Amino acid sequence: MTAPGAPRIDLNADLGEGFGVWRLGDDDALLEVVSSANVACGFHAGDPVTMRRVCTAAVAAGVAIGAQVSYRDLAGFGRRFVDVAPGELAADVLYQLAALDGVARACGGRGAYVKPHGALYNAVVHHAAQARAVVEAVTDYDPGLTVLGLPGSLLLRAAVDAGLPTVAEGFADRGYAPDGTLVPRGSEGALVHDPAAVAERAVRMATEGTVVAVDGSPVRVEVGSVCVHGDTPGAVDLARSVRTALQAAGLRVGPFTG
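All residue numbers refer to position in the chain's written sequence, counted from 1. Side-chain atom pairs in this predicted model are given and counted only at pLDDT of 80 or more, local residue features only at pLDDT of at least 70, and totals for whole chains, interfaces and linings cover all residues. By convention in this description, side-chain values take in all heavy atoms of the structure and omit both hydrogens and water.

Enquirer: How would you explain helix H8 (residues 235-248) if you had to name every residue and give the values?
Expert: Secondary structure counts use DSSP, requiring at least four H or I residues in a row for a helix and at least two E residues in a row for a strand, with both numbered from the N terminus. A helix is expected to span 1.5 Å multiplied by its residue count minus one. The first and last C-alpha atoms of H8 sit 20 Å apart over 14 residues, in line with the 20 Å expected at 1.5 Å per residue. Those residues of H8 not exposed but buried are Ala-235, Val-236, Leu-238, Ala-239, Val-242, Ala-245 and Leu-246. In what follows, residue pairs with any heavy atoms lying within 4.5 Å of each other are defined as contacts. Residues of H8 that are buried make contact with strand S1 (8-15), helix H1 (27-30), helix H7 (195-208) and strand S10 (252-253). Gly-250, located one to two residues past H8, shows a positive phi value of around 90°. Relative accessibility decides the category of a residue: with a 1.4 Å probe and only protein chains considered, values under 20% of the type maximum give buried, values over 50% give exposed, and everything between is partly exposed.

Enquirer: Mind laying out the environment of Gln-68, listing which residues take part and the relevant values?
Expert: Tracing the backbone through its elements, the reader meets Gln-68 in strand S3 (residues 64-69). With 108 residues separating them along the chain, Gln-68 and Tyr-176 place their C-alpha atoms 21 Å apart. Not counting residues up to four positions away in its chain, the partners in contact with Gln-68 are Asp-14, Glu-17, Asn-38, Val-39, Ala-40, Cys-41, His-44, Gln-96, Lys-115, Pro-116 and His-117. Polar contacts involving the side chain of Gln-68 include one to the side chain of Asp-14, which spans 3.1 Å. Any pair of nitrogen or oxygen atoms within 3.5 Å is treated as a polar contact; in protein, a donor-acceptor pairing is required on top of that, and neighbouring residues in sequence qualify only through side-chain atoms on both sides.

Enquirer: Quick rundown of the side chain of Asp-47? Include the residues and the values.
Expert: Within the element layout of this structure, Asp-47 appears in the loop between strand S2 (36-40) and helix H2 (48-61). Despite its burial, Asp-47 pairs with no opposite charge, the nearest such side chain being Arg-53 at 7.3 Å. Side-chain polar atoms of Asp-47 contact the backbone nitrogen of Thr-50, separated by 2.8 Å. Dropping the residues within four chain positions of it, Asp-47 is found in contact with Gly-18, Phe-19 and Gly-20. Think of it this way: Lys and Arg go in the positive column, Asp and Glu in the negative one, and His and the chain ends go nowhere. We define a salt bridge as a side-chain nitrogen of Lys or Arg found within 4 Å of a carboxyl oxygen belonging to Asp or Glu.

The following block contains the structure:
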């Protein structure tokens, strides 16, 4: 049992990433472990029924609900860069925020934060126009929403400039390049599968603010949330290992919102 006054760290995962009769990941099991759920809003995965199911379960579990917004790319699971005009991207993000928040409220909760998904997440690390478009959508919808993103990203800088609350996150199951960005999927070292290694990385990020890059160099990643991807093979076991290790390190796992 972690002491009530212990430092808090959030543990998030991507949920609701099925579509229609297809399901990806074990949402129910992950909701027993994580403190925040990044719920797919229908553009890279998810649909109204899936969103409602996940939001209902998240409210029952006391898990914070966030909108995981994406490019309009169902076929590519949102993992392909789209050179979309900023105005169109802002409208797409606004649409997703409103949809997720509406479903969450109907389930007794609310959308508390926003996190870009996949290629959009990586793009807004350095793509100024798209970063500003995401921030514009959040500001227009609800300037009280927290923006979750990569430390040092243009997204978080733009959000701070707009007066939005921000939280930086680290990825326990993803490889890092020496510059603090994520190793592209498909490249060597992009994914970390060993539960012990994933747990150790999470604790190091949460307690020391560092992670070891693929070349062995230390990278500063001061974070308020740690992510385990819901579609990673063995995601539930990885998430459990991470939570157990964080608590063993004297940290209290809980949402950064509220």
